[in-house]
Amino acid sequence: MKFKLSIIAGLLLLFIFSLNLMADKQEKPAKHADVDWSVSCMECHQEVTPDAVKEWKSSKHGLMNFGCYMCHGDGQEEFYPQPGTERCIGCHSDYQIEPTQTTVKNCFDCHKGHTLKFHQKKD
Amino acid sequence: MSLKRREFIKASAAAAAAASIGVTLMPGMEKNLFADSMTWHKSVCRYCGVGCGMMIGKKGNKVVAVKGDNENTINNGHLCVKAFYLHKVVYAKTRLLHPMIKKNGKFVKASWDEALGLVATKFNELRKQYGPDALAFYGSGQAETEETYMANKLWKGCIGTNNVEGNPRLCMASAVGGYLTSFGKDEPAGTYEDIEKSNLFLLVGSNTAEAHPIVFERLVRHKSKNPDVKILIIDPRKTPTDQIADLHLFVKPGWDLAVIHAMARILIKEGYADEDFIKKHVNFRDNKKALTYEEYKQFLETFTPEYAAKISGVSPDEIVKAARMFGQAKTAMSMWTMGLNQRTRGVWANNLVTNLHLITGKIGVPGSDSFSLTGQPNACGGVREGGGLCHLLPGHRVVKKPAHREAVAKVWGVPASNIQPKPGKHTVAMFDALNKGEIKGIYIMCTNPAQSLPNASKYWKGLKEQFVVVAESFFPTATTEYADVVLPAAFWSEKVGVYGCTERRSQYMEKVVDPQGEARWDAFILRDLGIKMGFKKEFKKYKTGEDIWTEYIGLTKGTDMDLSGAPYSRLKKVRGLTWPVPSEDHPGTYKRYTNGDPLFDALPAEKKQGRRMYFYGKPDGKAVVWARPDKGPEEPTDAEYPLALSTGRVLEHWHTLTMTGTVPELNRAVPKAYVEINPDDAQKMGIDNKDQVVVETRRGKLKIEARVIDRPEPGTIFIPWHWKEWMANILTIDAVDPGSKEPEYKVCAARIRKA
């Protein structure tokens, strides 16, 4: 009896685990490397990705101090290594583009890198 | 919760904004996530005093998103980073959901009836045994006008004590004193509309980029479109605002009065004064007597650029340059905030900035104004206008005037004799009286004084020993630790009400969702407390927010801040109205004391003759240019404490973190406090970046991480004050301005060593 129960319990666990894997496969949220979370994004990235920070600082986002977290999430609860258009429109909801007149798929197709300047134009 | 967590996160992550307005933005993107069932509701931001219009996205009975209100003239659809996440705060894990009573040192859940019954019984006992002045109310510039109005009536009109204060005493009181003594009436003459018409901005003691980001954004846009626009900063510290500065005078903390006098001297000497405006619109005074213009000029002779440079640490050439910039600009707008107000000579500092406008005539015309920026969303509306300080009554009235007491008592339905003619205790005196046991019961609403008072730890004794009631939306806070009863208050979006912002604009906020848990609207908590205390006749009539607002605006009729043309029915349709707005067909007032101001327009022709402004708060309609002494801070640096400590804000956090501390993104941006120290000082003291150091003043010491950075000048250090764990206010000084009673948070003497 005990043996049977163990098998059932084992199968049940396997089933739950496989469900979990399926869920992971379906959603698979990006995960930021586990770092010292008492350090701010900016403080760390000034050291690890200084060029990105420099680009950001030269941008309008940098001028207004819209930090990393606005597009990339806080890194722990939410993390978007390659943010999509839906990260932009919370602020830029008044920007409307007629899809039939353009072939672009994403804000970042035109607003490149961390400067986000249109087609990288100087200004 | 009808929404699944993942769905909520997805929505709040930002997609909802565009999706819900029903537009197809781009192929391939998330489409109309909630378009079928989401609704948007007009509101106002909960944070600083700028007053940004905000739309709240609601699905079911849940706030799921926010976006800037495109129709709002203040922010034109833009939000700062704090506001962007405000919807998340509504569902913070730290929301206080039930009344609680402290029993044997532990909070125990209680019913509303039990909690309010206890408070009413205790307050009545204390009142009977020790008199009405044994009780006090301490409110907030974040409370709605309706909420402060109810507290004012209960304490001043029914209990019979003027011990009614609010945290605007800690941030705005010096601006009030400045306007009253310079113009005769409180609050600015102009509005934000002046920004896009101005050629020069004088930012004094204001880190606009971080403390008032949407105002900063308007400055950035204006300057980028008009490169000739100049930004002149007077501040001890380099901040993100410097990104747009043309000239920055780095004054030693607390020593800027001489610089502003020196600028006035240069303006007059070099012919930038508007002699005709001065002749018709200005009187001169020192602290004792009226002066002639010549005597004022004589007074200014002390303030040569060299003298001011010696006092302030700024070079004489830069002072001259700054004065000429101000003088040469066709229009000029000065803006200031805590750097001027939180000083023992805050009123004087306010006067001196306004002096520059009065002597050059850069006031009362589009693009020119002396414009105080407010720190909290309803410090102006609820507390300054609503009379939520110990010497005030609603509608810019004062307790000392019999006619004012009678007018208010009549509307409140109480005998005029209930309202005492003598002001109650100002904030610092109030908490001192708690320490001494002179005040034995206090009701604290929507604020966190155990952390936000200067020299905070000194005042924990009184909070511990006396009967303390805290009405709050969040738990725990530094103050609830000392509470005997905590009452859960409805938060932004869960209640109706009006906020009045920096530019005299009153804006209506809709109730969008039901409060969390058992939380109730503060105005009705106070109403029900009043009824339980025995003031049934006085309070039972208030059934809705509109009942309270309608009564309040009736009290403003005929005053300089007439809001009688701004009932709920109208405010619901518009993006606020700037008073005076004396009738429902009046558009609101852009400029006070001049054409278009209904009070100016109604003046007899002989008073206005030959004048473009009439300061109707003064007997002869003339504003005052003040010859104030150039006194420094209360606690200057010395050999023992050689560094000047200043405190302030960062962009991503607000006050004591009860709200922003619940948002992961904002915590990630600035996870902890630090002390900024100039590299030269750090090198001398052997301190490296990220070292743990101890900052010490005569009041306390704080272990904290060092940030070696060129923002503070040598000889000064800076700590952002938001964190309970690194409580900067155990270091700050509780000396107050003798006029405004506002404490000198911005300057005290400190020393620093490696931990």
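Please read all numbers here as calculations on a predicted model, not as lab measurements.

Side note on the overall build of chain A
Here is step 1: The secondary structure content of chain A amounts to six helices and zero strands.
Here is step 2: Start at the N end of chain A and walk to the C end: the helices and strands fall as α-α-α-α-α-α.
Here is step 3: A sequence separation of at least 24 residues applies to 45% of the contacts in chain A between residues at least 6 apart.

Structural notes on the overall build of chain B
Here is step 1: The secondary structure content of chain B amounts to 28 helices and 29 strands.
Here is step 2: Expressed as lengths along the three principal axes of its C-alpha atoms, the size of chain B is roughly 70 × 70 × 70 Å.
Here is step 3: The proportion of buried residues among the 755 residues of chain B is 63%.
Here is step 4: Within chain B, residue pairs in contact and separated by at least 24 positions form 71% of the contacts whose partners lie at least 6 positions apart.

A look at the environment of threonine 427 of chain B
Residue and element names in this part refer to chain B.
Here is step 1: With respect to the helices, strands and loops of the structure, threonine 427 is situated in helix H18 (residues 427–436).
Here is step 2: Look at threonine 427 and you get buried, because 27 C-beta atoms sit within 10 Å.
Here is step 3: Separated by 370 residues in the primary sequence, threonine 427 and glycine 57 have C-alpha atoms spaced 38 Å apart.
Here is step 4: Excluding anything up to four places from it in sequence, threonine 427 contacts Glu165, Arg169, Leu170 and Lys741.

A short note on the nonpolar core
Residues and elements named next belong to chain B.
Here is step 1: Among the nonpolar cores identified, the biggest contains 251 residues, and Val259, Met263, Phe326 and Val695 are the most heavily contacted of them.
Here is step 2: The leading source of residues in this core is helix H9 (residues 257–269), at ten residues.
Here is step 3: Setting aside anything within four residues of it in sequence, one finds valine 259 in contact with Ile234, Leu249, Val251, Ala308, Ser312, Val314 and Ile319.

What about the sheet that holds strand E4 (residues 100–103) of chain B?
Residues and elements named next belong to chain B.
Here is step 1: The strand order E5-E4-E19-E18-E17-E6-E7 describes an open sheet built from seven strands, whose pairing is mixed. Two strands close off the open sheet at either side, each with one partner strand: strand E5 (106–109) and strand E7 (164–166). Across the sheet, the axes of successive neighbouring strands diverge by a mean angle of 20 degrees, strand direction being ignored.
Here is step 2: Both strand E6 (residues 135–139) and strand E17 (residues 441–445) contribute to a ladder of four bridges, which runs parallel. Residue pairing for E17: alanine 136 is matched across the bridge by isoleucine 442.

Some remarks on the confidence of the model for chain A
Residue and element names in this part refer to chain A.
Here is step 1: Here chain A averages 74 in pLDDT, while 64% of its residues score no lower than 70.
Here is step 2: Averaged pLDDT values over the elements of chain A bottom out at 46 in helix H1 (residues 2–27) and peak at 93 in helix H3 (residues 50–57).
Here is step 3: pLDDT under 50 marks residues 11–26. Its contacts with residues more than four places away, or in other chains, come to zero contacts.

Digging into helix H23 (residues 545–556) of chain B
Residue and element names in this part refer to chain B.
Here is step 1: Over its twelve residues, H23 runs 17 Å from end to end, which matches the ideal 16 Å to within 8%, given 1.5 Å per residue.
Here is step 2: Among all positions in H23, only Gly545, Ile548, Trp549, Tyr552, Ile553, Leu555 and Thr556 are buried. Looking down the long axis of H23, one finds its buried residues gathered within 150 degrees of arc, a one-sided arrangement.
Here is step 3: Where the residues of H23 are buried, they touch helix H5 (145–159), helix H17 (402–412), strand E20 (497–500), helix H21 (522–532) and helix H24 (568–571).
Here is step 4: Looking at the residues trailing H23, positive phi occurs at glycine 558, about 85 degrees.

Examining the sheet that holds strand E14 (residues 369–372) of chain B
Residue and element names in this part refer to chain B.
Here is step 1: In spatial order, the strands read E10-E9-E8-E13-E14; together these five strands make up an open sheet with parallel pairing. A strand with exactly one partner marks an edge of an open sheet, and here the two such strands are strand E10 (247–249) and E14. Here the average twist between neighbouring strands, direction ignored, is 15 degrees.
Here is step 2: Inspection of the sheet shows strand E9 (residues 230–234) paired to E10 by three bridges, in the parallel sense. Following the sheet pairing, isoleucine 234 is matched in E10 by leucine 249.
Here is step 3: Across the face of the sheet, helix H13 (residues 316–328) comes into contact with strand E8 (200–204), E9, E10 and strand E13 (332–336) while running at roughly 125 degrees to E10.

Focus: the packing of helix H2 (residues 41–48) of chain A against H3 of chain A
Residue and element names in this part refer to chain A.
Here is step 1: Interaxial distance between H2 and H3 falls to 5 Å at its minimum, and their mutual angle equals 120 degrees. Judged by the inter-axis angle, H2 sits oblique to H3. Together, Met42, His45, Gln46 and Glu47 of H2 and Pro50, Ala52 and Val53 of H3 make up the contact between the two elements.
Here is step 2: Class assignment of the residues belonging to the contact of H2 with H3 gives a composition of four nonpolar, two polar and one charged.

Quick look at H5 of chain B
All names here are of chain B.
Here is step 1: Here H5 is 15 residues long and its end C-alpha atoms lie 20 Å apart, about the 21 Å a rise of 1.5 Å per residue gives.
Here is step 2: Counting buried positions along H5 gives 15 out of 15 residues, so the element sits mostly inside the fold.
Here is step 3: Of the residues one or two after H5, glycine 160 is the one with positive phi, at around 95 degrees.

Overview of unusual backbone geometry
Generally, phi is negative for residues other than glycine and the peptide bonds are trans, each holding for most cases.
Residues and elements named next belong to chain B.
Here is step 1: Following phenylalanine 475, the chain continues into proline 476 via a peptide bond in cis, with omega recorded as 0 degrees.
Here is step 2: Mapping proline 476 onto the fold places it in the loop between strand E18 (467–472) and strand E19 (485–488).
Here is step 3: The backbone of asparagine 104 sits at a positive phi, close to 50 degrees, despite the residue not being glycine.
Here is step 4: Secondary-structure assignment places asparagine 104 in the loop between E4 and E5.
Here is step 5: The exposure class of asparagine 104 is exposed, given the 5 C-beta atoms found within 10 Å.
Here is step 6: We note that arginine 504 has phi near 65 degrees; this positive angle belongs to a residue other than glycine.
Here is step 7: Structurally, arginine 504 can be placed in the loop between E20 and strand E21 (505–509).
Here is step 8: On the basis of neighbour count, arginine 504 is assigned to the buried category, with 28 C-beta atoms found within 10 Å.

Structural notes on the pairing of strand E3 (residues 62–68) of chain B
Here is step 1: With six of seven residues buried, E3 of chain B lies mostly within the body of the structure.
Here is step 2: Turn length for the strand E2 (residues 53–59) of chain B-E3 of chain B hairpin, with the two strands adjacent in sequence and antiparallel, is two residues, and the turn residue glycine 60 of chain B shows positive phi of about 60 degrees.

Focus: the packing of H9 of chain B against helix H12 (residues 305–312) of chain B
Relative orientation and spacing of two packed helices are given, respectively, by the angle between their axes and the distance between those axes.
All names here are of chain B.
Here is step 1: Interhelical geometry of H9 versus H12 gives an angle of 165 degrees and a closest axis separation of 8 Å. Between H9 and H12, the interaxial angle falls into the category roughly antiparallel. Regarding H9 and H12, the two cross each other, and that crossing is left-handed. Residue-level inspection shows Ala258, Val259, His261 and Ala262 of H9 in contact with H12, the latter providing Pro305, Tyr307, Ala308, Ile311 and Ser312.
Here is step 2: For the contact of H9 with H12, the residue count by class is seven nonpolar, two polar and no charged.

Description of the pairing of E17 of chain B
Here is step 1: Burial of E17 of chain B is extensive: five of the five residues sit out of reach of the surface.
Here is step 2: The side-chain alternation of E17 of chain B yields two buried faces, one formed by Gly441, Tyr443 and Met445 of chain B and the other by Ile442 and Ile444 of chain B.

A few points about the environment of glycine 596 of chain B
Here is step 1: On the secondary structure map, glycine 596 of chain B appears in the loop between strand E22 (577–578) and helix H25 (598–601).
Here is step 2: Setting aside chain neighbours within four positions, we find glycine 596 of chain B in contact with Thr589, Tyr590 and Lys591 of chain B.

Structural notes on the domain arrangement of chain B
All names here are of chain B.
Here is step 1: When the domains of chain B are assigned, the result is domain 1 (5–90), domain 2 (100–170 + 378–540), domain 3 (173–372) and domain 4 (643–732).
Here is step 2: Computed from C-alpha atoms alone, the centre-to-centre distance between domain 1 and domain 2 is 32 Å.
Here is step 3: At the junction of the two partners, domain 1 supplies 14 residues and domain 2 supplies 15 residues.
Here is step 4: Among the secondary structure elements, those contributing two or more residues to the side of domain 1 that touches domain 2 are strand E1 (39–44), E2 and E3.

Things to note about the environment of tyrosine 542 of chain B
Residues and elements named next belong to chain B.
Here is step 1: In this structure, tyrosine 542 sits in the loop between helix H22 (536–539) and H23.
Here is step 2: Considered as a pair, tyrosine 542 and lysine 746 are 204 residues apart in the sequence and their alpha carbons are 41 Å apart.
Here is step 3: Other than its neighbours up to four places away in sequence, tyrosine 542 contacts Arg527, Asp547 and Ile548.

What about the confidence of the model for chain B?
All names here are of chain B.
Here is step 1: The predicted model of chain B averages 95 in pLDDT, with 95% of residues at 70 or higher.
Here is step 2: Ignoring residues within four places in sequence, the model shows residues 1–34, a span with pLDDT below 50, making 77 contacts including any to other chains.
Here is step 3: The ipTM, which scores confidence in the relative placement of chains, is 0.80 for this predicted complex, and the corresponding pTM is 0.92.

Definitions and limits used
Going along each chain's sequence as written, the residues are numbered from 1 onward. Labels follow written order: the first chain is A, the first ligand is 1, and so on. Residues qualify for local features only when their pLDDT is at least 70, as the model is predicted, and side-chain atom pairs are given and counted only at 80 or more; totals for whole chains, interfaces and linings, by contrast, use all residues. Each helix is a run of DSSP H or I of at least 4 residues and each strand a run of E of at least 2, with the numbering of both proceeding from the N terminus. Here the contact rule is simple: place C-beta atoms from the backbone, and any two residues whose C-beta atoms are within 7 Å are in contact. Three classes are used. A residue is buried when 20 or more other C-beta atoms lie within 10 Å of its own, exposed when 12 or fewer do, and partly exposed in between, with C-beta atoms placed from the backbone. By our criterion, buried Ala, Val, Leu, Ile, Met, Phe, Trp, Tyr and Cys residues that link up through C-beta atoms within 7 Å make up a nonpolar core. Two strands form a pair only when DSSP identifies at least two bridges running between them. Orientation is described by lines fitted to C-alpha atoms, with helices fitted over the stretch in contact, and by angles between N-to-C directions that extend from 0 to 180 degrees. Values of pLDDT, which run from 0 to 100, indicate the predictor's confidence residue by residue. The span you would expect from a helix comes to 1.5 Å times its residue count less one. Directions are taken from the helix axis to each C-beta atom, and the arc is the one they span. Convention used here: angles under 35 degrees read as roughly parallel, angles over 145 as roughly antiparallel, angles from 65 to 115 as roughly perpendicular, and any remaining angle as oblique. Throughout, the ten residues Ala, Val, Leu, Ile, Met, Phe, Trp, Tyr, Cys and Pro are labelled nonpolar, Asp, Glu, Lys and Arg are labelled charged, and all others, Gly among them, are labelled polar. The crossing is said to be left-handed when, going from far helix to near helix, the turn is anticlockwise and less than a right angle, and right-handed when the turn is clockwise. Where each domain starts and ends comes from a domain assignment, either automatic or drawn from a database.

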